[in-house]
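What follows is the residue order along each chain.
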Amino acid sequence: MLIGGDFNNRAKQLLSLLSKKSDLIPETKIAVEDLVEELELDRTELKNLLEYLEARELVEIASIGGPFLYGHIKITQKGVLKAAKLK
């Protein structure tokens, strides 16, 4: 996986959207399908972004399954703090 400017920008967009949809509440499960539609991501890009954000402990995979491999994700407290810095 190549991590560069475009990838980092997409990761920031995903984290920002996740923080907005969760109302900054880490326990809130967000459907991955909703994120895909808004950000227009393909399955591979989404998988790479989520794994990257999970490795950095900014998101947590809440359920597996569905057309995008992951069903739901949650933002972590660390992710909330990072998203706040992006604004």
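Our subject is the structure listed above.
Worth saying up front: this structure is predicted, and the values here are computed from it rather than measured.

Student: Which residues make up the nonpolar core, and what values go with them?
Tutor: By size, the foremost hydrophobic cluster in this structure holds 26 residues, and its most contacted members are Val32 and Leu50. With 6 residues, the top contributor of residues to this core is helix H1 (residues 5-21). Once residues lying within four places of it in the same chain are set aside, the contact partners of valine 32 are Leu46, Leu50, Phe68, Tyr70, Gly71, His72 and Ile73.

Student: Describe the packing of aromatic side chains, naming the residues involved and giving the relevant values.
Tutor: Applying the stated criterion across every chain, the model contains 1 aromatic pair. Ring plane angle 75° and centroid distance 5.3 Å describe the contact between phenylalanine 7 and tyrosine 52, whose orientation is recorded as edge-to-face. Of this pair, phenylalanine 7 sits in helix H1 while tyrosine 52 sits in helix H3 (residues 43-55); the two residues are 45 residues apart in sequence, bridging distant segments of the chain. Summarising the burial analysis for this pair, phenylalanine 7 and tyrosine 52 share the class buried.

How each quantity is defined
- Residues numbered from 1 in each chain as written.
- Predicted model: local features only at pLDDT ≥ 70, side-chain atom pairs only at ≥ 80, totals over all residues.
- Heavy atoms only, no water.
- Core = buried A, V, L, I, M, F, W, Y, C linked by side-chain atoms within 4.5 Å.
- Buried < 20%, exposed > 50% of the residue type's maximum accessible area, 1.4 Å probe, protein only.
- Helix = DSSP H or I, 4+ residues; strand = E, 2+ residues; numbered from the N terminus.
- Contact = heavy atoms within 4.5 Å.
- Phe/Tyr/Trp six-rings, centres within 6.5 Å; stacked < 30°, edge-to-face > 60°.

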